[in-house]
Amino acid sequence: MNEITTVLARAGLLTAEQREHWKMAWLSTVDHKRIGILYMLTALVFFVIGGIEAMFIRLQLAVPNSTLLHPETYNMLFTMHGTTMIFLVAMPVLFGLANYVVPLQIGARDMAFPRLNAFGFWLVPLGGILLHFSFLAGGAPAVGWFAYAPLSETPYSSQLGVDYWALALLVLGIGSVSTSINLLVTVLTQRAPHMTLRRLPLFSWMIFVNSFLVILALPVLNAGLVMLLIDRRLDTHFFLPPGGGSAIMWQHIFWAFGHPEVYIVAIPAFGILSEVIPVFSRKPIFGYEFVAGSTVAIAFLSLLVWAHHMFTVGLGHAVDLFFVASSLLIAIPTGVKVLAWSATMVGGRIRLDTPMLFCIAALVQFLVAGLTGVSHAVAALDWQTKNSYYLVAHFHFVFVGLIVFAILGALHYWFPKMSGRMLSERLGKWTFWLMTIGFNLTFIIQHVLGLAGMPRRVYTYPDLPGWGWMNMVSTVGAFFMAAAALLFVWNLAASLLHGKVAGDNPWNAWTLEWAATSPPPHENFHELPPIRSRRPLWDDSNPDRPDPMVGTKWRADTSSPEKNKAGIIAFIISETGFFGVLILAYLFYNATPQPGPGAHDLNLLKTGIFSLCLFASSFTIWRSEVSLSQGRQRAMAGWLAATILLGGVFIFGQGLEYWGLFQSGVRVSSNLFATTFLTLTGFHGLHVCVGLIALLIVLGLALAGDLKLGRSPALKALGLYWHFVDGVWVLVFSVVYLLPHLR
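Now for a quick tour of the structure. (Residues numbered from 1 in each chain as written. Predicted model: local features only at pLDDT ≥ 70, side-chain atom pairs only at ≥ 80, totals over all residues. Heavy atoms only, no water.)

Brief notes about the overall build of the protein
Scanning the protein from N- to C-terminus turns up 23 helices and zero strands. Expected size for 743 residues packed as a compact globule is a radius of gyration near 27 Å; at 27 Å, the protein falls within 12% of this value. Taking the principal axes of the C-alpha coordinates as reference, the protein spans close to 75 × 70 × 55 Å. Out of the 743 residues in the protein, the part that is buried amounts to 58%. Nonlocal contacts in the protein, meaning residues at least 24 apart in sequence, comprise 82% of its contacts between residues at least 6 apart. Once the 43 positive and 35 negative side-chain charges of the protein are each reduced to a mean point, those two points are 6 Å apart. (Helix = DSSP H or I, 4+ residues; strand = E, 2+ residues; numbered from the N terminus. Rg over C-alpha atoms; globule rule 2.2 N^0.38 Å. Buried < 20%, exposed > 50% of the residue type's maximum accessible area, 1.4 Å probe, protein only. Contact = heavy atoms within 4.5 Å. Lys, Arg positive; Asp, Glu negative; His and termini not counted. Charge placed at Lys NZ, Arg CZ, Asp CG, Glu CD.)

As structure tokens, then:
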């Protein structure tokens, strides 16, 4: 009873005890395939919720001067729709596909960290519940999915909705980072023999690159959310101009995450197209190396284009020029992908099955999205269309026209592998045409609406020429899309119960997941075919004309780092982004003197002494690693105890410093120095405390005799974390304590 199809097929024959065991097996699972399905089922639930919210929005806008919804209700639905679709639908369903497919494609038995995988999943329903509980706690947030300050601050949004929104996104962000670390480490360390990085299927390669992007971008948002929550709950002023804060700072933080987020959900969609189009064209993908390389270029450039969302803010000519150039530059690697997919189809024996239809539509619609996106990269054009429905149309051509269509193509493509059953082709094509007609009815005309002057983010509009009938067309299109969604869900349920048996490889595809049974067994594979190229199943079934062998160019192609070390390094990269935002905020807000407490109130000498204890602890934990590698258990335990003692002394010293400031009347809300200082040093102290707890656990294992030489990778990973914490304090101490004395 590995998969849900087996369970449903036999549900009528199960005893109550067996049914209870089945439920617990799914709720407590650490199997990547079940977790992938749970991700997708959770996304389906929230897709229904987000879709209902979208229908109310379109009904409200169907006619001019509508009073169907109260303005505040509309703003709540607008906020919840955007947040739900991005954080609770697009990201979870793509994480689900990655969870299910990537280990199979690389020939692995499971993810690198199965328990971390389960942890990352369960944060998704928790975040979704937190977000939607706001409806019962005085009202949902009504600030847009971007929550611009100062509207999201307490003076303007006093209800708890924004707090639940920020908490939910924090939870979801932590889950996303943990899942991405897991995916990244899985690709690096769990590949089958001879599955080099250069032989990876493009879907797995793009998930690998995308995981780096997630661990770089999400911590930036997490830091901003922490600052927003501190503002709202502790009466500080990070983003409140009357208290010296900056509303523009929130925009920088949010869009430094927000534009990479577009590619965080687009890159997996690119991977889907790169898998499906070659299979249904019966050709290898054109220019594999260019497609793979362009993904890296897109991920890098996506981190440098955020301020094109802020051209209308007035950042200055030089800043605008930089972001115009970077935004135009990212179109080049994106165009490489479009050309590669198109060239793959040219001359191919194309089969227009449902997965291929969705991917072709995604390709065409993404081309439209790219062309309108280039117009937003030009500041002068952006000023005219930024706050109009032209941008709404562009945004949805990316998120729906590309990403949702690619996801639907992927679900039709991999459903036979997950379930052992085929989806109905007839219902699939009905779904495709309803979705394609509905989507283009809804959003193509919104380009015209925007150019005609209709502003976005409004709950109603006057009866100006053309606005009424164009909005009605858009609303009618939304009903076509709703019908397509209902038909797709019906197809899933009916095919799960009564669909045609799929077989192991119904599409005659070439990557390793199709070498497993449908659905795969718990261990994924009974045996693997030889891997010498990027299409191992083609080579296996066509020994007389195999693909050219893909060799190795770099040591990284074949080497696999130790997974604990790789995991902690990925975590450190993510936390570097989090602390980077807090340190930059401290520098920005304390660039000029301000009344009230400041750096002059800090005791440099006393803190320096406690800091030396923390710095010394890096030496002691290194000595404990050396002792373990030499098999000297008692010495290792002694050095660990010294590390814990030194870290404890540092935390005690930080506590004394906080107490002294408190006694002198300093509070977190006293001024921006107190706010930034206590936030930065407080989160560093939290990281030290987490490290101390981990060290105490390791020391307990050592004293119990359970920490042997074979467990040294775990201690080395903990040592890397501890060195990172010490390194952060070197930077914090220099910026907060030493820099003011050098001015």
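Observations regarding the nonpolar core
Core analysis: the largest hydrophobic core is formed by 219 residues, its most contacted members being Leu97, Phe239, Trp250, Ile272, Ile403 and Trp414. Among the elements that make up this core, the one with the highest residue count is helix 8 (residues 247-281) (22 residues). Ignoring any residue separated from it by four or fewer positions in sequence, one finds Ile272 in contact with Leu94, Leu97, Phe203, Cys359, Ala406, Ile407, Ala410 and Trp414. Counting 13 residues, the second largest nonpolar core, distinct from the first, contains Leu69, Leu77, Val392 and Met470. (Core = buried A, V, L, I, M, F, W, Y, C linked by side-chain atoms within 4.5 Å.)

A word on a nonpolar patch on the surface
Together, Val48, Ile52, Phe56, Leu59, Leu68 and Phe479 make up a nonpolar patch on the protein surface, roughly 520 Å² of accessible area in all. Among the elements that make up the nonpolar patch, the one with the highest residue count is helix 3 (residues 32-60) (four residues). Taking the relative accessible area as the measure of exposure, Val48 reaches 42% and is therefore partly exposed. (Patch = residues over 30% accessible without salt bridge, like charges linked within 9 Å, V, L, I, M, F, W, Y side chains within 5 Å. Areas by Shrake-Rupley, 256 points an atom, 1.4 Å probe, with all protein chains shown as cover. Salt bridge = Lys/Arg side-chain N within 4 Å of Asp/Glu carboxyl O.)

Describing the side chain of Ser574
Mapped onto the elements of the fold, Ser574 is located in helix 19 (residues 563-589). Given a relative accessible area of 1%, Ser574 falls into the buried group. With sequence-adjacent residues up to four places away left out, Ser574 is seen in contact with Val177, Ile215 and Pro219.

Some remarks on helix 11 (residues 331-345)
Compared with the 21 Å implied by 1.5 Å per residue over 15 residues, the 21 Å span of helix 11 between its first and last C-alpha is a close match. Taken residue by residue, helix 11 has Pro333, Thr334, Lys337, Val338, Ala340, Trp341, Thr344 and Met345 as its buried positions. When helix 11 is viewed along its axis, its buried side chains cluster within an angular range of 160 degrees and face the same direction. Turned more than 90 degrees away from the buried face of helix 11 sit Ile332 and Leu339, all of them exposed. (Expected span 1.5 Å × (residues − 1). Arc of directions from axis to C-beta.)

Points about the pattern of salt bridges
In total, this model carries eight salt bridges according to the counting rule given. Salt-bridge contacts for Arg534 lead to Glu289; the nearest nitrogen and oxygen are separated by 3.2 Å. Separated by 245 residues along the polypeptide, Arg534 in the loop between helix 16 (467-498) and helix 17 (536-541) and Glu289 in helix 9 (residues 288-302) bring together distant segments of the chain. The partly exposed category is assigned to Glu289, whose relative accessible area is 46%. Between Glu425 and Lys429 there is a salt bridge; the shortest N-O distance is 3.7 Å. You can see Glu425 and its partner Lys429 sitting in helix 15 (residues 425-451), four residues apart, about one turn around the helix. Given the relative accessible area of 28%, Glu425 is considered partly exposed. By relative accessible area, Lys429 is classed as partly exposed at 32%. Connected through salt bridges with shared partners, the residues Asp163, Arg232 and Arg233 form a single ionic network.

Brief notes about the packing of aromatic side chains
Here the structure, examined in full by the defined rule, presents 52 aromatic pairs. A centroid spacing of 5.9 Å and a plane angle of 45 degrees characterise the contact between Phe619 and Trp622, whose relative ring orientation is tilted. Of this pair, Phe619 and Trp622 both sit in helix 20 (residues 604-629), three residues apart, which is roughly one turn of the helix. Using a relative accessible area of 42% as the deciding quantity, one classes Trp622 as partly exposed. Members of the aromatic cluster, each reached through a chain of ring pairs, are Phe87, Trp145, Phe238, Phe239, Trp250, Phe254, Trp255, Phe257, Phe395, Phe399, Phe588 and Tyr589. When the ring centre of Phe146 is taken as origin, the NZ or CZ atom of Arg457, which lies over that ring, is 4.1 Å away. Against the face of Trp510 rests Arg535, its NZ or CZ located 4.3 Å from the ring centre. (Phe/Tyr/Trp six-rings, centres within 6.5 Å; stacked < 30°, edge-to-face > 60°. Lys NZ or Arg CZ within 6 Å of the ring centre and 35° of its normal.)

A short note on helix 5 (residues 114-133)
Three or four residues apart is the spacing at which side chains of an α-helix point the same way, because the helix has 3.6 residues per turn. Counted at 1.5 Å a residue, the expected span for helix 5 with its 20 residues is 28 Å, and the 29 Å between its end C-alpha atoms agrees. Those residues of helix 5 that fall on the buried side of the exposure criterion are Asn117, Ala118, Gly120, Phe121, Leu123, Val124, Pro125, Gly127, Gly128, Leu131 and His132.

Some remarks on the side chain of Asn671
Position of Asn671 relative to the elements: it lies in the loop between helix 21 (633-663) and helix 22 (672-703). Setting aside its immediate chain neighbours within four residues, Asn671 contacts Gln594, Pro595, Gly596 and Pro597.

Here we look at the environment of Leu537
Along the chain, Leu537 falls in helix 17. By relative accessible area, which is 13% here, Leu537 ends up buried. Separated by 473 residues in sequence, Leu537 and Pro64 have C-alpha atoms that sit 58 Å apart. Ignoring sequence-local partners within four residues, the contact set of Leu537 consists of Asn505, Ala509, Trp510, Thr511, Leu512, Trp514, Ala515 and Pro529.

Concerning the environment of Ile444
As for its position among the elements, Ile444 is in helix 15. Between the alpha carbons of Ile444 and Gly655 there is a distance of 59 Å; along the sequence they are 211 residues apart.

Details of the packing of helix 10 (residues 317-329) against helix 11
Two elements in contact, helix 10 and helix 11, have axes whose closest approach is 5 Å; the angle formed by their N-to-C orientations is 10 degrees. Between helix 10 and helix 11, the angle falls in the class roughly parallel. Of helix 11, the residues touching helix 10 (which contributes Ser327, Leu328 and Leu329) are Ala331, Ile332 and Pro333. The residue inventory of the contact of helix 10 with helix 11, partitioned by class, reads five nonpolar, one polar and no charged. (Axes fitted to C-alpha atoms, helices over the stretch in contact; angles between N-to-C directions. Parallel < 35°, antiparallel > 145°, perpendicular 65-115°, else oblique. Nonpolar A, V, L, I, M, F, W, Y, C, P; charged D, E, K, R; others polar.)

Quick notes on the state of the cysteines
Per the stated rule, a full pass over the model turns up zero disulfides. Cys613 carries a free sulfur, and the closest cysteine sulfur to it, the one in Cys689, is 15 Å from it. Cys613 sits in the buried class, given a relative accessible area of 18%. (Disulfide = S-S within 2.5 Å.)

Describing the packing of helix 20 against helix 21
The contact between helix 20 and helix 21 brings their axes to 8 Å, and the two run at 160 degrees. For the element pair helix 20 / helix 21, the angle class is roughly antiparallel. The hand of the helix 20/helix 21 crossing is left-handed. Residues of the contact of helix 20 with helix 21, tallied by class, amount to 16 nonpolar, nine polar and two charged. (Left-handed = near helix turned anticlockwise from the far one by under 90°.)

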